[in-house]
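Remarks on the overall topology
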Amino acid sequence: QVQLVESGGGLVQFGESLRLSCAASGITFSLYTMNWYRQAPGKERELVANITNTGDSTNYADSVKGRFTISRDNAKNTVYLQMNSLKPEDTAMYFCNAVRTHWRRPFDYWGQGTQVTVSS
């Protein structure tokens, strides 16, 4: 059974930091690209950042560049999202997502999300 479990969300003030974690089980973690998405009420889900399976390449949404850092520890089957200089517009439910394609078959798993709320 595949599980992605996010943690680390919470209520913080403008300018503070949070570190989200997503622990994976039931998959060969080192084969998966990992994504962090977020969704605010009334808005579409947005890709925040992703990291390749080896960790050698990362990408960020323009809205978080320079403030957020994605990283992974394949030995711990965990991906992280360090969020600095948080703004009220970062308030959302944050989800981790594991994806890979094997023999042309897509594998796509999601966590249950962790809430991040930033007060002004």
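Residues numbered from 1 in each chain as written. Predicted model: local features only at pLDDT ≥ 70, side-chain atom pairs only at ≥ 80, totals over all residues. Heavy atoms only, no water.

Let's shift gears to the overall build of the chain. Looking only at helices and strands, the chain features 0 helices and 11 strands. The C-alpha atoms of the chain give a radius of gyration of 14 Å, which matches the 14 Å a tight globule of 120 residues would have. Overall, the chain is about 45 × 30 × 25 Å in size when its C-alpha atoms are taken along their principal axes. The burial tally for the chain puts 38% of its 120 residues in the buried class. Sequence separation of at least 24 residues holds for 54% of the intrachain contacts in the chain that already meet a minimum separation of 6. Per element, the accessible surface of the chain, about 6,600 Å² overall, is 47% carbon and sulfur. With 12 positive and 10 negative side-chain charges, the chain shows a spacing of 6 Å between the two charge centroids. (Helix = DSSP H or I, 4+ residues; strand = E, 2+ residues; numbered from the N terminus. Rg over C-alpha atoms; globule rule 2.2 N^0.38 Å. Buried < 20%, exposed > 50% of the residue type's maximum accessible area, 1.4 Å probe, protein only. Contact = heavy atoms within 4.5 Å. Areas by Shrake-Rupley, 256 points an atom, 1.4 Å probe, with all protein chains shown as cover. Lys, Arg positive; Asp, Glu negative; His and termini not counted. Charge placed at Lys NZ, Arg CZ, Asp CG, Glu CD.)

For the rest of this paragraph, the subject is the state of the cysteines. Summed over all chains, the structure comprises 1 disulfide. Disulfide pairing is shown between Cys22 and Cys96; the S-S distance is 1.9 Å. One disulfide, between Cys22 and Cys96, carries an S-S torsion of 40 degrees and so falls in the right-handed class. Here Cys96 lies in strand S9 (residues 92-102) and Cys22 lies in strand S3 (residues 18-25), a separation of 74 residues in the sequence. (Disulfide = S-S within 2.5 Å.)

Going through the model one piece at a time under the given rule, you end up with 4 salt bridges. Between Arg38 and Asp90 there is a salt bridge whose closest N-O contact spans 2.9 Å. One end of the pair, Arg38, is in strand S4 (residues 33-39); the other, Asp90, is in the loop between strand S8 (78-83) and S9, and 52 residues separate them in sequence. Of the two residues, Arg38 and Asp90, both sit in the buried class. The closest approach of N and O atoms between Asp62 and Lys65, which form a salt bridge, is 3.2 Å. Here the two residues Asp62 and Lys65 agree in accessibility, since each one is exposed. (Salt bridge = Lys/Arg side-chain N within 4 Å of Asp/Glu carboxyl O.)

This part is about the nonpolar core. Judged by nonpolar contacts, the single largest core of 30 residues is most densely connected at Trp36, Leu81, Met83 and Tyr94. When residues of this core are traced back to their parent elements, those giving at least two are S3, S4, strand S5 (46-51), strand S7 (68-73), S8, S9 and strand S11 (114-119). Apart from residues no more than four positions distant in its own chain, Tyr94 is found in contact with Glu6, Leu20, Trp36, Tyr37, Arg38, Val48, Phe68, Leu81, Met83, Gly113, Thr114 and Val116. (Core = buried A, V, L, I, M, F, W, Y, C linked by side-chain atoms within 4.5 Å.)

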